[in-house]
Amino acid sequence: MKEKHYSVLVSDPVSEEGVKILEEVAHVDLRPGLPHEELINIIGEYDALLVRSGTQVTGEVLEAGKRLKVVGRAGVGVDNIEVEKATEKGVMVINAPEANTISTAEHAMALMLALARNIPPATNSLKSGQWQRSKFVGMELYKKTLGIFGLGRVGGEVAKRARAFGMNILGYDPYISADRAAKLGVTPATPDEIFEKADFITLHVPKAASTQKMIGAEELSRMKDGVRIVNCARGGLIDEKALYDAIVSGRVAGAALDVFEKEPPGDNPLLELEQVITTPHLGASTQEAQINVAVQVAEQIVHVLKGEPVLMAVNAPVLPPEVLAEVEPFIPLMKTLGSFYMQVFNGRVEKIEVTYGGEIANHPVAPLTTSLLIGFLGVMLGNNVNFVNAQTIARQRGMQVEEITSKTTPIFKNLITVRVTTSESVYTLAGTLFEGNDIRIVQIDQYRIEVVPSRYMMVCKYIDKPGVIGRAGTVLGKNDINIATMQVGRREIGGEAVMVLQVDSPVPEKVLKEVEEAEAIISTCFVEIK
């Protein structure tokens, strides 16, 4: 019998298969429903903690876990774990992001089919004693156009299955390369192209600031008449009131929802509509998925305990102090550059070339490139991107990342230049640090500028002529949006220019459009740096 040197605490119910894997190398203590205070009192005895969503792994728990090496979450989300505190304590946090992929993809297809063939209302009608064949005439999926928002793990699996049904597939995902889309049998498309052509639309994006209510009244108004919408991703992606109105008006033929902005949804008006079919967040609720999440996390816990590489870490090991001291001041700059870029420029990212010039080139720059990718990818994927998985996610989406170092720079002590090749063009963004670690964006594409980033910014491209900046400011003022500071950059008098306005509050889409309608304004966008 093997000697077991480790102890693992399991504080939520998990599958027997996962427990057996842990028992091969460790003493396993099953304590489902353990009160929080008791968890704090006993966690110091364990090397690993395995939880689901029922256990709150707070800073107090992590402080008390003197032997703790790893916290495993048998599922995808880690909202119940203080990840930053775990990183600070050197505790690895792992999850199982792929274990429920098939279950969720199959559920999306099941809802799509049920929606197309009116299965739930037809079932209810027949069980109530009626025989109404003509009322429930459905439609085939064959040769219909499916629009997929998000071509990650789940979206990719949905694409494969939809292709088997003979559907024409359009996909929008700014992080997926054309090659990756082609392998999935998906035609890359803009949101407007999907709205115009899709008979069915399915959402497979994470919930983040950029995806909150991404389907609202305006987007619904641009959709093809009779469109059907499926959401198995996250509640809050769809403006539920706007969806209700669109269904009642006949613009949207129906919707299939597994998730809601508020769960349980209570007296949500959507539940009153026969055109809406629903399930109570069952995307990952299959026997196989429940087993898979426990098995995958248990296997990763064993790897951590044995000191072996892991594939599903949510956080990163702390950098060596001597490296951290040199590069840490640049990490916020890199995240800002990545986030700013993704909110300003268009096109699928194919290649990212990062040039490190000046003194920073003397130090390891890999953590900085990873920070840039976190900024890039985090706009759509939110907190799911971190130091451990950012490089992997970029590779999965077909992004090529190249680092160049040069110990000289003509103007600044340090200069980091990001050159991005997309499906549409090549764009450049550059930044530096001034004394006191003050971040500056010093180039936006072809324009030299000196931007002090703030949380909220409006970026405008315009024709350099008198009155343009004033008109933009007037629109903001009329909408009670205060301008804190502003910077402009231009190449020549009377030519195209760029202005960045730091504002005190978010700029709604309708205000951006009003600014864009002003004379000589070419384009506008809102940027939020978190």
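Refer to the structure above for everything that follows.
Residues numbered from 1 in each chain as written. Predicted model: local features only at pLDDT ≥ 70, side-chain atom pairs only at ≥ 80, totals over all residues. Heavy atoms only, no water.

**What to know about the overall build of the chain**
Logical step 1: Secondary structure assignment for the chain yields 18 helices and 22 strands.
Logical step 2: The C-alpha atoms of the chain give a radius of gyration of 26 Å, which matches the 24 Å a tight globule of 530 residues would have.
Logical step 3: Dimensions of the chain along its principal axes, counting C-alpha atoms only, are 75 × 70 × 40 Å.
Logical step 4: Looking at the chain as a whole, 52% of its 530 residues are labelled buried.
Logical step 5: Pairs at least 24 residues apart make up 64% of the contacts formed inside the chain by residues separated by at least 6 positions.
Logical step 6: Here the chain displays about 24,700 Å² of accessible surface, and carbon together with sulfur accounts for 50% of that area. (Helix = DSSP H or I, 4+ residues; strand = E, 2+ residues; numbered from the N terminus. Rg over C-alpha atoms; globule rule 2.2 N^0.38 Å. Buried < 20%, exposed > 50% of the residue type's maximum accessible area, 1.4 Å probe, protein only. Contact = heavy atoms within 4.5 Å. Areas by Shrake-Rupley, 256 points an atom, 1.4 Å probe, with all protein chains shown as cover.)

**Side note on the sheet that holds strand S15 (residues 414-422)**
Logical step 1: Taking strand neighbours across the sheet as the criterion, the 6 strands line up as S14-S13-S15-S16-S17-S18 in an open arrangement whose pairing is mixed. A single partner strand is all that each edge strand has here, and the edge strands are strand S14 (400-406) and strand S18 (447-451). Sheet twist, expressed as the mean angle between neighbouring strand axes with direction ignored, is 20°.
Logical step 2: Of the pairings in the sheet, the one linking S15 to strand S16 (residues 426-434) comprises 6 bridges and is antiparallel in character. Looking at the pairing, Val418 lines up with Leu429 of S16.
Logical step 3: Each of strand S13 (349-358), S15, S16 and strand S17 (438-444) touches helix H14 (residues 331-344); the most contacted strand, S16, lies at about 150° to it. (Pairing = 2+ DSSP bridges. Axes fitted to C-alpha atoms, helices over the stretch in contact; angles between N-to-C directions.)

**Remarks on the environment of Gly166**
Logical step 1: With respect to the element layout, Gly166 can be found in the loop between helix H7 (153-164) and strand S7 (168-172).
Logical step 2: When its relative accessible area of 24% is taken as the criterion, Gly166 is described as partly exposed.
Logical step 3: Apart from the residues lying within four places of it in its own chain, the contact partners of Gly166 are Tyr142 and Lys143.

**A short note on the pairing of strand S4 (residues 70-73)**
Logical step 1: A two-sided burial pattern is seen for S4, the buried positions comprising Val70 and Gly72 on one face and Val71 and Arg73 on the other.
Logical step 2: Pairing of strand S3 (residues 48-51) with S4 involves 4 bridges; the strand directions are parallel. Paired with Ala48 across the two strands is Val70, which belongs to S4.
Logical step 3: Bridging between S4 and strand S5 (residues 92-94) involves 3 bridges; their strand directions are parallel. Its bridge partner being in S5, Val70 is matched across the sheet by Met92.
Logical step 4: Handedness of the crossover joining S4 and S5 through helix H4 (residues 83-88): right-handed. (Right-handed = clockwise from strand over helix to strand, strands pointing away.)

**Considering the sheet that holds strand S10 (residues 227-231)**
Logical step 1: Read across the sheet, 7 strands follow the order S8-S7-S6-S9-S10-S11-S12 without closing on themselves; strand pairing throughout is parallel. Only two strands of the sheet have a single partner each, and these edge strands are strand S8 (187-188) and strand S12 (276-278).
Logical step 2: Direction of pairing for S10 relative to strand S11 (residues 252-257): parallel, over a ladder of 5 bridges. Across the sheet, residue Val230 finds its bridge partner in S11, namely Ala256.
Logical step 3: Here helix H5 (residues 101-116) sits on the sheet in contact with strand S6 (145-149), strand S9 (200-203), S10, S11 and S12, set at roughly 150° to S10.
Logical step 4: Sitting on the sheet, H7 is in contact with S6, S7 and S9, with an inclination near 170° to S6.

**Considerations on a negative patch on the surface**
Logical step 1: Residues Glu37, Glu60, Glu82 and Glu84 make up a contiguous surface patch of negative charge.
Logical step 2: Turning to its location among the elements, Glu37 is positioned in helix H2 (residues 36-42). (Patch = residues over 30% accessible without salt bridge, like charges linked within 9 Å, V, L, I, M, F, W, Y side chains within 5 Å. Salt bridge = Lys/Arg side-chain N within 4 Å of Asp/Glu carboxyl O. Lys, Arg positive; Asp, Glu negative; His and termini not counted. Charge placed at Lys NZ, Arg CZ, Asp CG, Glu CD.)

**Overview of the pairing of strand S2 (residues 26-30)**
Logical step 1: As paired strands, strand S1 (residues 6-10) and S2 are joined by 5 bridges and run parallel to one another. By the bridge assignment, Tyr6 is partnered in S2 with Ala26.
Logical step 2: For the crossover from S1 across helix H1 (residues 16-23) to S2, the handedness is right-handed.

**Focus on the layout of surface pockets**
Logical step 1: Of the voids in this model, the second largest pocket is the one considered here, and its volume is about 290 Å³.
Logical step 2: Residue lining of the second largest pocket: 15 residues in total, with Phe330, Glu359, Lys413, Asn414 and Leu433 positioned closest to the centre.
Logical step 3: The leading source of residues in the lining of the second largest pocket is S16, at 3 residues.
Logical step 4: Taken together, the residues of the lining of the second largest pocket sort by class into 6 nonpolar, 5 polar and 4 charged. (1 Å grid on protein atoms, 1.4 Å probe; cavity = no way out; pocket = protein on both sides within 12 Å on 5 of 7 lines; lining within 4 Å. Points joined across faces, edges and corners; volume = space filled by probe spheres on them. Nonpolar A, V, L, I, M, F, W, Y, C, P; charged D, E, K, R; others polar.)

**Things to note about unusual backbone geometry**
Logical step 1: For the bond from Glu263 to Pro264, the omega torsion is -5°, close enough to zero to count as cis.
Logical step 2: Residue position: Pro264 is located in the loop between S11 and S12.
Logical step 3: Of note, the phi angle at His281 is positive, near 55°, even though the residue is not glycine.
Logical step 4: Summarising the element assignment, His281 is placed in the loop between S12 and helix H12 (287-305).

**Section: the nonpolar core**
Logical step 1: If you look at the biggest cluster of nonpolar residues, it comprises 80 residues, and the most contacted ones within it are Leu243, Phe340 and Phe376.
Logical step 2: Ranked by residue count, the leading element in this core is helix H15 (residues 366-381), at 9 residues.
Logical step 3: With near-sequence residues (within four places) excluded, Phe340 lies in contact with Leu429, Ile441, Ile444, Met457, Val459, Val527 and Ile529.
Logical step 4: Within the second largest apolar cluster, 28 residues are counted, among which are Ala108, Ala116, Met167 and Ile277. (Core = buried A, V, L, I, M, F, W, Y, C linked by side-chain atoms within 4.5 Å.)

**Comments concerning empty space enclosed by the protein**
Logical step 1: Across all of its chains, the model carries 1 cavity of 30 Å³ or more by this definition.
Logical step 2: Residue lining of the largest cavity: Asn231, Arg234, Gly235, Gly236, Ile238, Glu240, Leu243, Leu257, Val259 and Phe260, and that is the complete set.
Logical step 3: Partitioning the lining of the largest cavity into residue classes produces 5 nonpolar, 3 polar and 2 charged.

**So, the packing of H1 against H12**
Logical step 1: With their axes 7 Å apart at the nearest point, H1 and H12 run at an angle of 15° to one another. Between H1 and H12, the angle falls in the class roughly parallel. Note that H1 runs across H12; the crossing there is right-handed. Residues Glu17, Gly18, Ile21 and Leu22 of H1 lie in contact with H12, whose contacting residues are Ile291, Ala294, Val295, Ala298, Glu299, Ile301 and Val302.
Logical step 2: Of the residues in the contact of H1 with H12, the class split is 8 nonpolar, 1 polar and 2 charged. (Parallel < 35°, antiparallel > 145°, perpendicular 65-115°, else oblique. Left-handed = near helix turned anticlockwise from the far one by under 90°.)

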